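One-letter residues, chain by chain:
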Amino acid sequence: MEQKTLYTCKCIDENGKIVRKQIAATDRKNASAQCEEKNLIPIRISQKRKRNPGMSTQILFVQTLEELLRSGLNIEESIGVLSSTGKNNLQIMASKIESSIKKGNSFSQSIIQMSEYFDPMVSGMLSLGEKSTSIYELILNLRIFMETRKKTREKIIGAFIYPSIVFVSLISFILICGFYILPKMQDMFLILSTTGSDELTSNITAMKNFSRFFLTVTLALLTLSALVFIIERKASGEYRLLIDKFLLGIPFLGNFILENETMKLCFSMETICKGNRTYSIGEALKESEKIMNNHFLINIIEKTREQIIKGTGLKQSFESQKIFPKEMELWLSIGENSADQGKTFEKLRIYFQEKINRKTEKILKATEPAVTFVTGIVILLVVIKIVIPTLHALGTL
């Protein structure tokens, strides 16, 4: 079952009146098709977004669910206990799941309909609950994986606080100098016309031009980043595929996205293969698509799955796509004939997790010295081009 999102559709009915409908659909095109089936002409279709509870709340939900399952309750009973707790995000999330189950939906279907409350990875893994031979093991592995990712994210945010403060201060210093202090100094020395003032005013002009150039480039990069972020969130269909493919082609960032998505794929395959041995590799790949964010890679996984269904080997199917890391192809060739595919994907998941952690550590260690170095260069330029000539010019008065 494809993951659906709630859309608000503004349409014109048969009587020419404007009506609004809430429709659960896989994308905007699907929502539009559903409107037309009801003899409605769609004018505007927008995705209905609710405030995501955040990773901490999602982890708390999974942790609490794990504790309830460990106490001997089944999944429906655990959700019932959670929904009866005090008014908080956990109670709201559990109540919506319980309400969906009472309407006849399974736990998996209920989770899929809760996409606005969970990250794709979390909702994708939780939706496998009923299909797993041990839902407790699935929840346990998911909790550990989520906590590891949260710690890594917190480490990155914490490490970037100091460089961010320094960088913002540096930008502020450059802009204040370029648009206020330097023009005042230039006017003053033009009036004084002392020895060395020509060189100083020339340097000030150069620094002002650099400040304007720096501001233009900074604003352009921020605008471009904001546009890519907005388009990436709102785009669907072919546009989303093109954007996600473009992101994968960006040096370093693309490689980081690829390895992160591969790690999530391996985690899902590991959990499915260990928790439900009746699943074929093709079925496991289909379920694993739900936890991935990059739609271009999801499309590649679908092509890989089709090749496996046709009888192509696991390693050859991944290798033919020419996009996955070579390490993955190597491990798959070793474990292809293994009776325990889950173990192979576990080793791959651990490998990519450690590789991402090492890269993150290197970036964090390099960030602070790099920011300090750039700040030092700017200060040195100001001293050489402005401070020293200013002192020289003042000494001739």
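Before any of the text, the structure's been laid out above.
These lines cover the structure that appears in this document, whether it is placed above or below. (Residues numbered from 1 in each chain as written. Predicted model: local features only at pLDDT ≥ 70, side-chain atom pairs only at ≥ 80, totals over all residues. Heavy atoms only, no water.)

1. Here's the deal with the side chain of D244
Logical step 1: With respect to the helices and strands, the residue D244 is situated in helix α9 (residues 237–248).
Logical step 2: Within the local environment of D244, its side chain forms a polar contact with the backbone nitrogen of H295, the two atoms lying 2.6 Å apart. (Helix = DSSP H or I, 4+ residues; strand = E, 2+ residues; numbered from the N terminus. Polar contact = N/O pair within 3.5 Å; in protein donor to acceptor, adjacent residues only side chain to side chain.)

2. Thoughts on the nonpolar core
Logical step 1: Core analysis: the largest hydrophobic core is formed by 58 residues, its most contacted members being F61 and M328.
Logical step 2: Of all the elements, helix α10 (residues 253–275) adds the most residues to this core, at eight residues.
Logical step 3: Those residues in contact with F61 that sit more than four places away from it in its chain are I79, L82, L90, M93, A94, I97, F118 and L126.
Logical step 4: By size, the runner-up hydrophobic cluster in this structure holds nine residues, among which are C9, C11, C35 and I45. (Core = buried A, V, L, I, M, F, W, Y, C linked by side-chain atoms within 4.5 Å. Buried < 20%, exposed > 50% of the residue type's maximum accessible area, 1.4 Å probe, protein only. Contact = heavy atoms within 4.5 Å.)

3. A short note on the packing of helix α3 (residues 75–83) against helix α4 (residues 89–102)
Logical step 1: Two numbers describe how α3 lies on α4: the axes approach to 7 Å, and their chain directions differ by 135 degrees. Classified by the interaxial angle, the pair formed by α3 and α4 is oblique. Between α3 and α4 the crossing geometry is left-handed. Residues E76, I79, G80, L82 and S83 of α3 pack against L90, Q91, A94, S95, I97, E98 and I101 of α4.
Logical step 2: Considering only residue class, the contact of α3 with α4 consists of six nonpolar, four polar and two charged. (Axes fitted to C-alpha atoms, helices over the stretch in contact; angles between N-to-C directions. Parallel < 35°, antiparallel > 145°, perpendicular 65-115°, else oblique. Left-handed = near helix turned anticlockwise from the far one by under 90°. Nonpolar A, V, L, I, M, F, W, Y, C, P; charged D, E, K, R; others polar.)

4. Observations concerning the pattern of salt bridges
Logical step 1: Overall, the coordinates contain 13 salt bridges when judged by the stated rule.
Logical step 2: The residue R349 makes a salt bridge to E270 at a minimum N-O spacing of 3.0 Å. Of this pair, R349 sits in helix α15 (residues 341–395) while E270 sits in helix α10, and the two are 79 residues apart along the sequence. Residue R349 shares its accessibility class with E270, and that shared class is buried.
Logical step 3: Across the pair K286 and E302 runs a salt bridge, and its minimum N-O distance is 3.6 Å. Remark: E302 occurs in helix α12 (residues 295–309) and K286 occurs in helix α11 (residues 281–288); sequence separation between them is 16 residues.
Logical step 4: Within the structure, one salt-bridge network assembled from shared partners comprises K286, E289, E302 and R305. (Salt bridge = Lys/Arg side-chain N within 4 Å of Asp/Glu carboxyl O.)

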